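Chains, contacts and geometry: an overview
Residues per chain, in single letters:
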Amino acid sequence: MNKETGSASRAEQVSGRQEPAVAAPFSERGFWRPLGNGWQRLFGSFRGEGYSLEWHDFEADHELDWGASFHPDSVEICLNLAGEGFVRHGTRRLDFEADTVAFYHRGNAPLEARRAAGQRHRFLTVELSPWFLKSHLAGAESVLHPMVQAVMNGRPVEDPLGVRTRLSAVQRQMIETLRRPPVYAAAQDVWYRCKVVELAVVFFLQPAGEAELFCTRQQRLAAQRVERVIALLKQDLAHPLSLEELGKKVGCSPYYLSRIFSAHTGMTIPQYLRELRLQRAAELLRSGRYNVTEVALEVGYNSLSHFSQAFHERFGCCPGLYPIQTPVQSTARQARAERSLPPGPGP
C-alpha cells in the first residue's frame, strides 16, 4: 500500500495481489536504551560487515532478560569481566561469573538468558554471522566446534551452547585493547576484522586429541586445572585447602600450580580467594538476611576489623553501609529518571 494515499500501487493493481509486508530488521539498540551509556557499539555491523563488537558496563536494578539482545542466526562470544548471568537451552546451561568467556548460537527462537540483579555487569560481546564465519574459517571445519560447523554450513543446530572457559590475563588485556584500538581510524576496519578472526580461532577451534599440538594440550590442561582449583576454593571459603592440597587434587606440583594460576587469572591463589570471599560477602549483604559479623564468619574472616578493612578497599564503603549507590548506579538511575520525566514548561 502507498504510505501517502493508502491506495494500492500500480504494480499491485495490475497483478491483482499485494506483496506481504517485510519484517523490520532486528535491532538491539532499543533493548539497551534504558541502560543509558551502559551499552556501546565499538565497531562493525552484524548485517553489514558480518560482525559486531559491543561493550557493556551497567548496574542492573532488576534481573535482565539478556537473551532479547541476541541477534537471530548469530554466534556470539561473551567475554565477561564482572557480573553473573547465564544462557540456557533445555537442561544445559552456561554460567557466567567474573573472568569467564563462553559462546552460543541464537537461531530463529530466542535463547533463555538472564543477568543478575543488584550487580555491576562489565562484558564485551562479539556477534558473528554465518557468512562471516564461512568466509574466514572455510577449510578448518574438521577442527571447529560442532555447533560452529553446523551454523557455517546451514545445518540444524542440536545444541546451541558452546564451551565456557576462564579468561586468561592475555585475553583480559585484549578486551582493553579492543576498547581502545592502537591504530589510526583509517586502519581500524582491517585491524578489528583481524582481531575478530583471531578471537574466533582461539575459541572455536577444538582439534581432536590425536591432532592436538603439544603446546595446545598443555594450555588446555592448565586451564582445566585452574578451573578445578577455583571450584575447590568456592566449595568452602571459610576453610580453603592449602596450596599443597590443591596441587594434589589437580595433579601437579604447588609451584607449577601457582605459576599457571597466575598466568590464567592475573592473580595469585590467595588474591583470588580474597576476591571470592569479598564477592560472596557482598552477595550475602545484599540479601539482607545476615548481619556483618555473620557474613564475615561465613566467608572465613575471624577478625571483624580485617574484614571491614578488606571490604572497604574492594567496594569503597564499610560493610555496614553496603549496598550503597556507586557512581555508576547513581549515573544510570539519574539518566533513567530524566528520561521518564514529563516535558517541562516551554520558554
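Positions within a chain are numbered from 1, following the residues in the order the chain's sequence is written. Only residues with pLDDT of 70 or above have their local features reported here, since the model is predicted, and side-chain atom pairs are shown and tallied only from 80 upward, although totals for entire chains, interfaces and linings are computed over all residues. Working from all heavy atoms in the structure, the side-chain values ignore hydrogens and water.

Details of the packing of helix H8 (residues 243–250) against helix H9 (residues 254–265)
Each pair of packed helices can be summarised by the angle the axes make with each other and by the distance between the axes. Definition in use: Each axis is a line fitted through C-alpha atoms, and for a helix only the stretch in contact is used; angles between axes span 0 to 180 degrees, taken between their N-to-C directions. Secondary structure elements are defined from DSSP: runs of H or I of at least 4 residues count as helices, runs of E of at least 2 residues count as strands, and each element is numbered from the N terminus. Angles below 35 degrees are treated as roughly parallel, those above 145 as roughly antiparallel, those between 65 and 115 as roughly perpendicular, and all remaining angles as oblique. Whether two residues are in contact is decided by their heavy atoms: any pair within 4.5 Å suffices. Here the term charged refers only to Asp, Glu, Lys and Arg, the term nonpolar to Ala, Val, Leu, Ile, Met, Phe, Trp, Tyr, Cys and Pro, and the term polar to all other amino acids, Gly among them.
At a closest axis distance of 9 Å, the pairing of H8 and H9 adopts a crossing angle of 85°. Taken together, the axes of H8 and H9 lie roughly perpendicular to each other. Two secondary-structure elements touch here, H8 through Leu243, Glu244, Leu246, Gly247 and Val250 and H9 through Pro254, Leu257 and Ser258. Among the residues making up the contact of H8 with H9, the classes are represented as 5 nonpolar, 2 polar and 1 charged.

A short note on the sheet that holds strand S6 (residues 100–106)
Two pairing modes exist for strands in a sheet, parallel and antiparallel, and in both the strands are linked by backbone hydrogen bonds. For clarity, the threshold we go by: Pairing between strands is defined by DSSP: at least two bridges between them are needed.
Reading across from one edge, S1-S2-S8-S3-S6-S9 is the order of the 6 strands in this open sheet, with antiparallel pairing throughout. The sheet is open, and its two borders are formed by strand S1 (39–45) and strand S9 (161–166), each paired with just one other strand. Between one strand axis and the next, the sheet turns by 15° as a mean value, whatever way the strands run. When strand S3 (residues 74–82) meets strand S8 (residues 120–128), the two strands line up antiparallel, connected through 7 bridges. Its bridge partner lying in S8, Cys78 is registered against Thr125. Of the strands in this sheet, S1, strand S2 (51–59), S3, S6, S8 and S9 are in contact with helix H6 (residues 188–204), which crosses S3 at around 90°.

Comments concerning the side chain of Ser74
Cut-off, in case you're wondering: Exposure is judged per residue with a 1.4 Å probe applied to protein chains only, and the accessible area is read against the type maximum: over 50% gives exposed, under 20% gives buried, and values in between give partly exposed.
With respect to the secondary-structure elements, Ser74 resides in strand S3. In this structure Ser74 comes out as buried when scored by relative accessible area, which is 1%. Setting aside residues no more than four positions away along its own chain, Ser74 makes contact with Phe46, Tyr104, His105, Arg106 and Leu128.

What to know about the pattern of salt bridges
Rule in force here: Just to be clear on terms, a salt bridge is a Lys or Arg side-chain nitrogen sitting within 4 Å of an Asp or Glu carboxyl oxygen.
Taken as a whole and judged by the stated rule, the model has 18 salt bridges. For Glu176, the salt bridge identified is with Arg179, shortest N-O distance 3.7 Å. Residue Glu176 and its partner Arg179 are located together in helix H5 (residues 169–179), separated by 3 residues, close to a single helical turn. The class of Glu176 is partly exposed, set by a relative accessible area of 26%. Three or more residues joined by partner-sharing salt bridges are found here, namely Glu97, Arg164, Arg166, Glu227 and Lys234.

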